[in-house]
Amino acid sequence: MSNTLDTVFSALADPTRREILNMLLEDDMAVTDVAEPFDISLAAISKHLMILTKAGLISQEKRGRVKWCKLEPDALRATSVWMQGFGQFEPVNLDAFERFLETELTPPPGADTPE
């Protein structure tokens, strides 16, 4: 399982690959459509897609002359189960923490006025 987690996390480490996964949340897409919003070559996109495929996060299928990409959400199941092990910790409410710091770090009224 460690190998699988390493492969998935390595694939997810790149922002371009994460954006590709976000795009595929909507629907299957042709490789050329995946490449369209990025300012990189089609060859570079193909490399990203190969990494996502090897990690099992997407699958690719040829339909006629067009290669299509499909999200494989089950591939994240093992990763999700592993991460849920850390759910024993209370989530941090950052807004409440910020309010706490403001009250603790704000000097009382009149404390910074010279006498």
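Structure shown above.
A few points on the structure. What you are looking at is a predicted structure, and each value in this text was computed from that prediction instead of being measured. (Residues numbered from 1 in each chain as written. Predicted model: local features only at pLDDT ≥ 70, side-chain atom pairs only at ≥ 80, totals over all residues. Heavy atoms only, no water.)

### Brief notes about the sheet that holds strand 3 (residues 66-71)
- Here 3 strands make up an open sheet; going across it, the order is 1-3-2 and the pairing antiparallel. Unpaired on one side and paired on the other, strand 1 (29-30) and strand 2 (58-63) mark the two borders of the sheet.
- In this structure, strand 2 lies alongside strand 3, joined through 6 bridges in antiparallel fashion. Residue pairing for strand 3: S59 is matched across the bridge by K70. (Pairing = 2+ DSSP bridges. Helix = DSSP H or I, 4+ residues; strand = E, 2+ residues; numbered from the N terminus.)

### What to know about the pattern of salt bridges
- Evaluation of the coordinates by the stated rule reveals 3 salt bridges.
- Salt-bridge contacts for R63 lead to D28; the nearest nitrogen and oxygen are separated by 3.0 Å. Linking R63 in strand 2 with D28 in the loop between helix 2 (15-26) and strand 1, this pair joins segments that are 35 residues apart in sequence.
- When the shortest N-O distance is used, the salt bridge between E61 and R63 registers 3.4 Å.
- Judged by its relative accessible area of 44%, E61 falls in the partly exposed class.
- Judged by its relative accessible area of 35%, R63 is partly exposed.
- Among the charged side chains, a salt-bridge network with shared partners connects D28, E61 and R63. (Salt bridge = Lys/Arg side-chain N within 4 Å of Asp/Glu carboxyl O. Buried < 20%, exposed > 50% of the residue type's maximum accessible area, 1.4 Å probe, protein only.)

### Quick look at helix 2
- Of the positions making up helix 2, those classed as buried are T16, R17, I20, L21, M23 and L24. Along the axis of helix 2, the buried positions cluster into a sector of 160°, meaning they face one direction only. Facing away from the buried side of helix 2, by more than 90 degrees, are the exposed residues P15, L25 and E26.
- Two to three positions downstream of the cap, the backbone nitrogen of T16 sits 2.8 Å from a side-chain oxygen, assigning the N-cap of helix 2 to D14. (Arc of directions from axis to C-beta. Polar contact = N/O pair within 3.5 Å; in protein donor to acceptor, adjacent residues only side chain to side chain.)

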